[in-house]
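Now for the letters of each chain:
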Amino acid sequence: MPRARVNGVDLFYEIRGEGAPLVLVHGSWSDHLGWKRVLPRLARSFTVLVYDRRGHSLSERPPGQGSRMQDEDDLAAFIEMLGAPAHVAGNSFGASVALGLAARRPELLRSLTAHEPPLLDIVADDPELRPLMSATAVAIAGVLDSLRAGDDQTGARRFVEEVAFGKGAWDQLPEPIRKTFVSNAPTFADEQADPGWNTVDLDRLAGFPGPVMLTTGTESPPWFPVIVTRLAGILGQAQVRTLDGDGHTPHLTHPDRYADNLTTFISTTAP
């Protein structure tokens, strides 16, 4: 089981395929296995690195409050391990990690693909979104109450049913996914306690010179298209794609389409 000592933490990783380097960054609650449906197809064209972010599944969970910047530094270390620069694709919180690194160290990324980063702070001034975002904040607070009480099972269920997918969704998830959610629940609480989890330095991000693809799904909460539009206004060179029939995890619901979109974007835009 390959592991690397990265910024003082042991992190699990896996490398498949051959070609230009591509790093995939998973979101909250998940781990590297979230990419398993797209990995074989992407490995035909790229040297793909997937890993468990710190605090997730097979990687070490360091004590004390962490920050998204530490995740960004971990991503930078893996890119440098591959020989830098690399193509980077992130989903949800993993997309926020990728965008944060692009703002801080743009030279490390050949291209950037981000699906629905939950950067809620950059759309906090939108009056139409405010009521729904307030209701979601209340739901997340309930999730955190359960996690801080040590009830990871209830916290994970509440997140799935009250925040992410809707009532009844928890029982429809495969048992291995439910176990992963429960195992990684404490790290979600840690992420939410980071004051900078929901924002990014837009001024620095505007200087990112590489190709960018920003995506959102038609079945996702309405703040994600607004976030993507704001980011596209900052990143003038960005391609924006709306994925019909997809929600927050297109690499799971339509893996072949996700892999083909990513491969085409990289092959036609990135040097």
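Above this text sits the structure in question.
What you are looking at is a predicted structure, and each value in this text was computed from that prediction instead of being measured. (Residues numbered from 1 in each chain as written. Predicted model: local features only at pLDDT ≥ 70, side-chain atom pairs only at ≥ 80, totals over all residues. Heavy atoms only, no water.)

**Observations regarding the pattern of salt bridges**
A side chain with one charge may pair with a side chain of the opposite charge, provided their charged atoms come close.
Item 1. This structure, assessed with the given rule, holds 19 salt bridges.
Item 2. The shortest N-O distance in the salt bridge between arginine 41 and aspartate 256 comes to 3.4 Å. Highlighted residues: arginine 41 in helix 1 (residues 39-42) and aspartate 256 in helix 11 (residues 255-269), separated in sequence by 215 residues.
Item 3. Looking at arginine 41, the relative accessible area reads 26%, which means it is partly exposed.
Item 4. A residue is classified by how much of its surface remains accessible, and aspartate 256, at 43% relative accessible area, is partly exposed.
Item 5. Two residues, arginine 157 and aspartate 171, come together in a salt bridge whose shortest N-O distance is 3.4 Å. (Salt bridge = Lys/Arg side-chain N within 4 Å of Asp/Glu carboxyl O. Helix = DSSP H or I, 4+ residues; strand = E, 2+ residues; numbered from the N terminus. Buried < 20%, exposed > 50% of the residue type's maximum accessible area, 1.4 Å probe, protein only.)

**A word on helix 2 (residues 68-82)**
One full turn of an α-helix is made of 3.6 residues, so residues set three or four places apart face in the same direction.
Item 1. When the terminal C-alpha atoms of helix 2 are compared, their 22 Å separation across 15 residues agrees well with the 21 Å that a helix rising 1.5 Å per residue should span.
Item 2. Of all the residues in helix 2, the buried ones are Arg68, Asp71, Glu72, Asp74, Leu75, Ala76, Phe78 and Ile79.
Item 3. With its phi angle positive at about 110°, glycine 83 sits one or two positions after the end of helix 2. (Expected span 1.5 Å × (residues − 1).)

**With respect to the packing of aromatic side chains**
Item 1. For the coordinates displayed, the defined rule picks out nine aromatic pairs.
Item 2. Measuring from centroid to centroid gives 5.6 Å for tryptophan 29 and phenylalanine 181, while their planes differ by 20°, and the two rings are stacked. Placement of the pair is tryptophan 29 in the loop between strand 3 (20-25) and helix 1 and phenylalanine 181 in helix 7 (residues 175-192), with a sequence separation of 152 residues.
Item 3. Through pairs of rings, three or more aromatic residues link up here, namely Trp29, Phe159, Trp170, Phe181 and Phe188. (Phe/Tyr/Trp six-rings, centres within 6.5 Å; stacked < 30°, edge-to-face > 60°.)

**Topic: unusual backbone geometry**
Item 1. Of note, the amide linkage connecting alanine 84 to proline 85 takes the cis form, showing an omega dihedral of -10°.
Item 2. With respect to the element layout, proline 85 can be found in the loop between helix 2 and strand 5 (86-91).
Item 3. Unlike most non-glycine residues, serine 57 shows phi in positive territory, near 50°.
Item 4. Phi angles above zero are rare outside glycine, and alanine 84 is one such case at about 45°.
Item 5. Note that alanine 84 resides in the loop between helix 2 and strand 5.

**As for the environment of alanine 20**
Item 1. Position of alanine 20 among the secondary structure elements: in strand 3.
Item 2. Alanine 20 gets classed as partly exposed once you look at its relative accessible area, which sits at 25%.
Item 3. Taking C-alpha positions, alanine 20 is 8.3 Å from valine 48, a pair spaced 28 residues apart along the chain.
Item 4. Excluding residues that lie within four positions of it along the chain, alanine 20 makes contacts with Ser45, Phe46, Thr47, His87 and Arg110. (Contact = heavy atoms within 4.5 Å.)

**Some points on the packing of helix 5 (residues 152-164) against helix 7**
Item 1. Following both chains from N to C, one finds helix 5 and helix 7 inclined at 85°, their axes separated by 8 Å at the closest point. Taken together, the axis directions place helix 5 and helix 7 in an arrangement best described as roughly perpendicular. Taking contact as the criterion, the partners of Asp152, Gln153, Ala156, Phe159 and Val160 in helix 5 are, on helix 7, Phe181, Val182, Ala185, Pro186 and Phe188.
Item 2. Classifying every residue of the contact of helix 5 with helix 7 gives eight nonpolar, one polar and one charged. (Axes fitted to C-alpha atoms, helices over the stretch in contact; angles between N-to-C directions. Parallel < 35°, antiparallel > 145°, perpendicular 65-115°, else oblique. Nonpolar A, V, L, I, M, F, W, Y, C, P; charged D, E, K, R; others polar.)

**Re the pairing of strand 6 (residues 109-115)**
Item 1. Here strand 6 lies mainly inside the structure; six of its seven residues are buried.
Item 2. In this sheet, strand 6 lies alongside strand 5 in parallel orientation, the contact comprising six bridges. By the bridge assignment, glycine 90 is partnered in strand 6 with alanine 114.
Item 3. Read from strand 5 through helix 3 (residues 93-104) to strand 6, the crossover connection turns out right-handed.
Item 4. Sheet topology note: the strand 6/strand 7 (residues 212-217) ladder contains four bridges and is parallel. Of the residues in strand 7, the one forming a bridge with alanine 114 is leucine 214. (Pairing = 2+ DSSP bridges. Right-handed = clockwise from strand over helix to strand, strands pointing away.)

Read these as spatial facts, not as claims about activity.
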